[in-house]
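Next come the chains, spelled out residue by residue.
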Amino acid sequence: MPFDPTRNDDITQLYDAIQSSNEAMKPFNKTRVKAYEQFVGSHYGENGSKQKVPVNMIRNAAGMIRRKLIATSPKAMCVASRRDLDSEAYGFQLAIDRLIEDVGFEEVLDLWVLDALMGPSGIVKVHLDIQDSEEVEGVQVVTGKPACSNVFYDDYFLDMAARHESQIGFEGDRYFVPVDMVVGNPNYDQSAIKEMSHSEKYGAPEPGEDVQSLTIGRLGTGADYRKMFELMDVWLPYEQLLITLAVSPRGVPPLRIVEWNGPKNGLYRRLTYEKIPGSATGLAFINQLMDTHESTNQLWNKTVRQGLRQKFVTAVPGDAKETAERFLNTPDGQAAYTENSDKIREVSLGGFNQANLALFLQSKQLANYMSGNVDSVAGLSTQSKTVGQDELLQQSSSELISKMQERTYRAVSQVVKDLAWYLHSDPLASYDVKASVPGTQITLDRRWESASMQGSFEEFIVDIEPYSLQKRSPEQRQREVTAFLTQILIPAMPLLDAQGIKINMEAFIKMSARHLNMPELNDLVMYGGGQLLPEPGTERGSQQPTNTTRRYERVSKPGASQQGSEQVLSNVLLGAGQQGSQMAQLGR
């Protein structure tokens, strides 16, 4: 018998399934909350880490890898399947970019990726924020704005019995809504609302229950200034239904039942970096770093405590008491008479254990290794003896997160497609956009309207611009332009000249001044009507020979990589002998 949302037995069974999955998800969320406790450290609210976290490997890894995955908001790319729709595709693309900006997707994306690193999955909800209904050409149309919001793992649930994402029978999220936005709202069943009870939105959760508990440790009941209902949206993929239920009390009939006609695969988009066979729940990236992070901080805290306990005392035999008192009462730099100073000596008590410090350094290196050599990825320090080896390490480290970048790209692309679908489907949607004239720097103001757009949504291929998630600084752009000029254009000048192509050095200097934020560079040269770089050997008055000889001498020297220095220091602490060149490495 198919599922019927109007039948009480079916709704009760759905409640039971959701409750069962919530219980199964608690261990995963508990691990996630623990990761956030370490992420925020011991100086964030009352429920942060109970132990000091001076070497925060989790925050370091999550921050650096997140920067590599997403650095800025994506740019849409729209291509028409028919040539006569190219103009429509370009206008649609500009409107999608405006929508991405309006929904605040850059901030949503940042939290989405962070939660995907810290927990099994990051979740984003793409939906229509219903505001009203209007009559369009004799048809009553529900109007609203496309919305994109984070759904944190604390409030999310899915069918934990599913062995694959394609087998998920339900998923949804819990949220709070003011009572006055539900009562009297024609979109909700008012008879069901009468059976509901109010909820405390800011009721203090138990420590470790969810991430919010890290923040509102002292915020108790009564903090709401408005009465709230706690609702949950439930997406049923097989039935293609979206149901809104009350979280409590159980058994309340659905407040809303919507036959789904939105984007394919519903309204929830999951970002999972490590999938587990036979499970719809992913593995958090931070999980593999947690043990080494904790041991590293425990060792460092122990070493610091040992160092703080260290003290120096003066040992005095009984027959030298008067001499010791004379020493204690003598000001610094003054002389004191003594006959038996050789009996007085300074004694050191306590102090850190060198083996523990060496183990800390090794644990720190292991944590860096387990996070995908994040120091190399972020360029925080040299990892090898030569620049070439460092470049190879960076490439290898980038390969470790390339899979994560691909998953991020696909997930972001899907969200942009969903937003584009809502934009195209709204007959009242419109945007003021600026269209560029091809081949010029001229932009024209243009009004884009969905109602006047030609072509169905399926006739447009919506994606995001490759590499638009990565942000390049002006200095990076300058290095790339300089490398292109010196390594490609200048060596190829004879071939370029034969084809009538010249290099515009005036444009290069102005571009460099802009990228480097040094307008005074333009004052160093005098432009003569756009002088072009002459062909090598034809410079007027040049005293330099056309052909030159260069000699490259390769000298092998020990480098000063961070790992190498820490390894040498660990060996010294453990009492191992080191060569002179290795000891010199510590000072580099």
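This section reports on the structure supplied with the text.

Scoring rules and cut-offs
Residues numbered from 1 in each chain as written. Predicted model: local features only at pLDDT ≥ 70, side-chain atom pairs only at ≥ 80, totals over all residues. Heavy atoms only, no water. Helix = DSSP H or I, 4+ residues; strand = E, 2+ residues; numbered from the N terminus. Buried < 20%, exposed > 50% of the residue type's maximum accessible area, 1.4 Å probe, protein only. Contact = heavy atoms within 4.5 Å. Areas by Shrake-Rupley, 256 points an atom, 1.4 Å probe, with all protein chains shown as cover. Core = buried A, V, L, I, M, F, W, Y, C linked by side-chain atoms within 4.5 Å. Polar contact = N/O pair within 3.5 Å; in protein donor to acceptor, adjacent residues only side chain to side chain. Pairing = 2+ DSSP bridges. Axes fitted to C-alpha atoms, helices over the stretch in contact; angles between N-to-C directions. Lys, Arg positive; Asp, Glu negative; His and termini not counted. Salt bridge = Lys/Arg side-chain N within 4 Å of Asp/Glu carboxyl O. 1 Å grid on protein atoms, 1.4 Å probe; cavity = no way out; pocket = protein on both sides within 12 Å on 5 of 7 lines; lining within 4 Å. Points joined across faces, edges and corners; volume = space filled by probe spheres on them. Nonpolar A, V, L, I, M, F, W, Y, C, P; charged D, E, K, R; others polar. Phe/Tyr/Trp six-rings, centres within 6.5 Å; stacked < 30°, edge-to-face > 60°. Parallel < 35°, antiparallel > 145°, perpendicular 65-115°, else oblique. Patch = residues over 30% accessible without salt bridge, like charges linked within 9 Å, V, L, I, M, F, W, Y side chains within 5 Å. Left-handed = near helix turned anticlockwise from the far one by under 90°.

**Observations concerning the overall build of the protein**
In terms of regular secondary structure, the protein is built from 15 helices and 14 strands. Going through the 588 residues of the protein one by one, you find that 39% of them count as buried. Put simply, 69% of the contacts in the protein that link residues at least 6 apart link residues at least 24 apart. By element, 51% of the accessible surface of the protein is carried by carbon and sulfur atoms, the whole surface being about 34,500 Å².

**Some details on the nonpolar core**
In this structure, Phe92, Phe105 and Leu255 are the most contacted members of the largest nonpolar core, which totals 109 residues. Residue contributions to this core peak at 11 residues, all from helix H10 (residues 387–425). Not counting residues within four places of it along the chain, the set of residues in contact with phenylalanine 105 comprises Pro74, Ile100, Trp112, Cys148, Val412 and Val415.

**A few points about helix H13 (residues 505–515)**
Along H13, the positions that sit buried rather than exposed are Glu506, Phe508, Ser512, Ala513 and His515. Packing partners of the buried residues in H13 comprise helix H11 (474–489). With a side-chain oxygen lying 3.1 Å from the backbone nitrogen of glutamate 506, the N-terminal cap of H13 falls on asparagine 504. A positive phi of about 55° marks asparagine 517, the residue just after H13.

**Here we look at the sheet that holds strand S8 (residues 256–259)**
On the basis of which strands lie adjacent, the open sheet formed by five strands has the order S4-S5-S6-S7-S8 and antiparallel pairing. Strands at the two margins of the open sheet, each flanked by one partner only, are strand S4 (156–158) and S8. With direction set aside, neighbouring strand axes in the sheet form an average angle of 25°. With eight bridges connecting them, strand S5 (residues 171–178) and strand S6 (residues 228–236) associate as antiparallel partners. If you follow arginine 174 over to S6, its bridge partner there is methionine 232.

**Here we look at the side chain of arginine 174**
Tracing the backbone shows arginine 174 in strand S5. It turns out arginine 174 is buried and unbridged, and the closest side chain with the opposite charge, glutamate 230, is 4.6 Å from it. Polar side-chain contacts of arginine 174 include one of 2.8 Å to the backbone oxygen of aspartate 154.

**Observations regarding the pattern of salt bridges**
Scanning the entire structure with this criterion turns up 23 salt bridges. Measuring nitrogen to oxygen at the nearest pair gives 3.4 Å for the salt bridge that ties aspartate 86 to arginine 83. Classification of aspartate 86 by relative accessible area gives partly exposed; the value is 36%. Looking at arginine 83, the relative accessible area reads 73%, which means it is exposed. What you see here is one network of salt bridges that share partners, running through Lys125, Asp173, Asp233 and Arg256.

**A word on empty space enclosed by the protein**
A complete count under the given rule lists two cavities of 30 Å³ or more for this structure. Considering only enclosed or pocket space, the second largest cavity measures out at about 30 Å³ in volume. Taken together, Ser121, Tyr153, Tyr156, Leu158, Arg270, Ala280 and Thr281 make up the lining of the second largest cavity. Residue classes in the lining of the second largest cavity are distributed as four nonpolar, two polar and one charged.

**Remarks on unusual backbone geometry**
Where the residue is not glycine, phi is negative for most of them; where a peptide bond is considered, it is trans in most cases. Proline 249 follows serine 248 through a cis peptide bond whose omega is -5°. Structurally, proline 249 is set in the loop between strand S7 (241–246) and S8. Positive phi is not limited to glycine here, since asparagine 265 has a value of about 70°. Assignment of secondary structure puts asparagine 265 in the loop between S8 and strand S9 (268–271).

**Considering the packing of aromatic side chains**
If you walk through the whole model with that rule in mind, you get nine aromatic pairs. When the centroid spacing of 5.9 Å and the interplanar angle of 10° are considered together, the rings of phenylalanine 92 and tryptophan 448 count as stacked. In this pair, phenylalanine 92 is assigned in helix H3 (residues 86–102) and tryptophan 448 in strand S13 (residues 443–449), connecting sequence segments 356 residues apart. Taken as a pair, phenylalanine 92 and tryptophan 448 share a single burial class, namely buried. Clustering of aromatic rings is evident, with ring pairs tying together Phe92, Trp448 and Phe460.

**Some points on the side chain of aspartate 159**
Checked against the element boundaries, aspartate 159 lands in the loop between S4 and S5. When sequence neighbours within four positions are dropped, the list of residues in contact with aspartate 159 reads Ser21, Gln167, Ile168, Gly169 and Phe170.

**A short note on the environment of asparagine 265**
For asparagine 265, a relative accessible area of 52% puts it in the exposed group. Sequence separation between asparagine 265 and serine 166 is 99 residues; the distance between their C-alpha atoms is 9.5 Å.

**Examining the packing of helix H1 (residues 8–40) against helix H2 (residues 57–69)**
As a packed pair, H1 and H2 sit with axes 7 Å apart at the nearest point and diverge in direction by 95°. By the criterion of interaxial angle, the relationship of H1 to H2 is roughly perpendicular. Contacts from Ala35, Gln38 and Phe39 of H1 reach H2 at Ile58, Arg59 and Ala62.

**Considering a nonpolar patch on the surface**
On the surface, Trp300, Val304 and Leu308 cluster together to form a nonpolar patch covering roughly 290 Å² of accessible area. Summarising the element assignment, tryptophan 300 is placed in helix H6 (residues 287–309). What makes tryptophan 300 partly exposed here is its relative accessible area of 30%.

**Digging into the pairing of S5**
Of all eight residues that make up S5, seven are buried, and the element is covered over most of its length. Strand direction decides the pairing type here: S4 and S5, joined by three bridges, are antiparallel. Bridge assignment links leucine 158 to a residue of S5, and that residue is glutamate 171.

**Section: the environment of glycine 372**
Within the fold, glycine 372 resides in the loop between helix H8 (354–370) and helix H9 (374–378). C-alpha of glycine 372 to C-alpha of isoleucine 65: the two residues are 307 residues apart in sequence and 9.2 Å apart in space.

**Examining the packing of H1 against H6**
Close contact between H1 and H6 brings their axes to 11 Å; oriented N to C, the two are set at 45°. Relative to H6, the element H1 is oriented oblique. Seen along the crossing, H1 lies across H6 with a hand that is left-handed. Contacts between H1 and H6 pair Thr31, Lys34, Ala35 and Gln38 from the former with Asn287, Met290, His293 and Glu294 from the latter. Looking at the contact of H1 with H6, its residues break down into two nonpolar, four polar and two charged.

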